[in-house]
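Examining the three-dimensional arrangement
Here's the letter readout for the chains.
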Amino acid sequence: MPIYIIEHLEPRLSKWCLIEYKHISEIVGKRNLWFSNIKLKKDREKLKRYGRVIKESVSKLNLKNACILDPDARKTLAPKEARKFRYFIFGGILGDYPAKKRTKDKLTKFVKNAAARNIGKKQFSTDNAIYVAKQIASGKNFSNLKFKDKIEIQKNKVESFILPYRYALHEGKPLASKELVRYLKRKRTF
Ligand SMILES: C[S@@+](CC[C@H](N)C(=O)[O-])C[C@H]1O[C@@H](n2cnc3c(N)ncnc32)[C@H](O)[C@@H]1O
């Protein structure tokens, strides 16, 4: 099993990030997950339940056989090459709409000797991007995977909100963390 690395690039470890990172740990397993660029001790303490925690940026680790998942990469990740990568690196970046190319500007540009691949041009949440890369690494072709663009979450009888990202379908349903949906329903603003 490859190692999945999240390079945390948000200014703080928000509740939203934490719930998403916990979901990722459930998807790939704690032993296969690293969190890098975790500068604050209190955040390292919170994350160590979910994977290996590294203070330094992934750009300082000099990893061999690594692939960055970047929506702006020119090539799409294919199963044959995916099996050979030892590390898959993702931006720990909450979605922005429209996307601001932060993966390219804050991650791909700084990690030397790593390949960069997309999983299509549409923006997934980090947990969904990891799920899709894992599916491809286990032999599935990107073109055979099914997605839903935008999900609507009903807050109460009258209000709903849209998450304008791409979601993988898992057992026919968009892969959204139940804990995150509960949290977002309670949250007043975005
Ligand atoms: C919510 S996305 C943030 C994307 C960011 N807004 C940008 O413009 O680069 C979080 C992470 O998931 C991964 N990701 C999301 N969609 C992707 C795609 N279509 N191709 C490759 N990686 C993707 C990337 O590693 C990205 O840093």
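Cut-offs used in this document
- Counting of residues starts from 1 at the beginning of each chain's written sequence and follows it residue by residue.
- Local features in this predicted model are restricted to residues whose pLDDT is 70 or higher, and side-chain atom pairs enter the listing and the counts only when it is 80 or higher, whereas totals over whole chains, interfaces and linings include all residues.
- No hydrogens and no water enter the side-chain calculation; it runs on all heavy atoms of the structure.
- The numbering of helices and of strands both runs from the N terminus, where a helix is a DSSP run of H or I of at least 4 residues and a strand a run of E of at least 2.
- Accessibility here uses a 1.4 Å probe with only protein chains present; expressed as a share of the type maximum, an area under 20% marks a residue as buried, one over 50% as exposed, and anything in between as partly exposed.
- Whether a residue is near a molecule or strand depends on its heavy atoms: if one lies within 4 Å, it is near.
- Think of a polar contact as two N or O atoms within 3.5 Å of one another; within protein, one of them needs to be a possible hydrogen donor and the other a possible acceptor, and neighboring residues in sequence only count if both atoms come from side chains.
- Per-residue and other accessible areas follow the Shrake-Rupley method at a 1.4 Å probe size, with only the shown protein chains counted as cover for residues.
- In this analysis the probe radius is 1.4 Å and the grid spacing 1 Å, with only protein atoms considered; a cavity is a set of points the probe fits into but cannot get out of, a pocket is an open set with protein on both sides within 12 Å along at least five of seven lines, and lining residues have an atom within 4 Å of a point.
- Throughout, a molecule is located in a cavity or pocket provided that more than half of its atoms lie within 2 Å of its grid points.
- Classification used: nonpolar for Ala, Val, Leu, Ile, Met, Phe, Trp, Tyr, Cys and Pro, charged for Asp, Glu, Lys and Arg, polar for all others including Gly.
- Between the N-to-C directions of two axes lies an angle of 0 to 180 degrees, each axis being a line fitted to C-alpha atoms and, for a helix, fitted only over the stretch in contact.
- Each angle receives one of four descriptions, namely roughly parallel if under 35 degrees, roughly antiparallel if over 145, roughly perpendicular if within 65 to 115, and oblique otherwise.
- Note on convention: near helix rotated counterclockwise from far helix by under a right angle means a left-handed crossing. Clockwise means right-handed.
- In this description, contact between two residues means that some pair of their heavy atoms is separated by no more than 4.5 Å.
- The aromatic pairing rule takes the rings of Phe, Tyr and Trp, using the six-membered ring of Trp, and pairs them if the centres are within 6.5 Å, calling planes under 30 degrees apart stacked, those over 60 edge-to-face and the rest tilted.
- Lysine and arginine charges are scored as sitting over a ring when NZ or CZ, respectively, is within 6 Å of the ring centre and within 35 degrees of the ring normal.

Describing unusual backbone geometry
Here the bond from tyrosine 97 into proline 98 is cis, since omega is -5°, no more than 30 degrees from zero. Tracing the sequence through the fold places proline 98 in the loop between strand 6 (87–92) and helix 4 (102–108). Non-glycine residue asparagine 62 carries a positive phi angle of around 55°. Looking at the element boundaries, asparagine 62 is found in the loop between strand 3 (52–53) and strand 4 (66–69). Assessed through its relative accessible area of 52%, asparagine 62 is described here as exposed.

Looking at the site of the ligand
As a matter of local geometry, the ligand sits amid 22 residues, with Leu69, Asp96, Thr103, Lys122 and Gln123 nearest to it. A distance of 3.1 Å is found between an oxygen atom of the ligand and a backbone nitrogen or oxygen belonging to glycine 91. Within the side chain of threonine 103, one N or O atom sits 2.5 Å away from an oxygen atom of the ligand. Coverage of the ligand by the protein amounts to 99% of the 570 Å² it exposes when considered alone. Judged by the fraction of its atoms near the pocket grid, the ligand is located in the largest pocket. Sorting the residues of the shell around the ligand by element identifies strand 6, helix 4, strand 7 (115–118) and helix 5 (126–137) as the ones contributing at least two each. Class assignment of the residues belonging to the shell around the ligand gives a composition of eight nonpolar, seven polar and seven charged.

Overview of the packing of helix 1 (residues 15–28) against helix 6 (residues 178–186)
Here helix 1 crosses helix 6 at 165°, and the two axes come no closer than 9 Å. Comparing their axes, helix 6 and helix 1 come out roughly antiparallel. Judged by the twist between their axes, the crossing of helix 1 over helix 6 is left-handed. For the pair formed by helix 1 and helix 6, the contact residues are Lys15, Trp16, Ile19, Glu20 and Lys22 on the first element and Glu179, Leu180, Tyr183 and Leu184 on the second.

What about the packing of aromatic side chains?
Ring pairs (aromatic) are described by centroid distance and by the angle formed between their planes. Enumeration over the complete set of coordinates arrives at seven aromatic pairs. Aromatic side chains tryptophan 34 and tyrosine 87 sit 5.6 Å apart centroid to centroid with 50° between the ring planes, which places their arrangement in the tilted category. Remark: tyrosine 87 occurs in strand 6 and tryptophan 34 occurs in strand 2 (residues 33–36); sequence separation between them is 53 residues. Here tryptophan 34 falls in the buried class, since its relative accessible area comes to 12%. Residue tyrosine 87 is classed as buried on the basis of its relative accessible area of 14%. An aromatic cluster is present here, built from Tyr4, Phe85, Phe88 and Phe90 joined pairwise through their rings. The ring of tryptophan 34 has arginine 52 sitting right over it, with the charged end atom 4.4 Å from the ring centre. The cationic tip of arginine 86 hangs over the ring face of tyrosine 87; the distance from NZ or CZ to the ring centre is 5.6 Å.

Keep in mind these numbers describe shape, not what the thing actually does.
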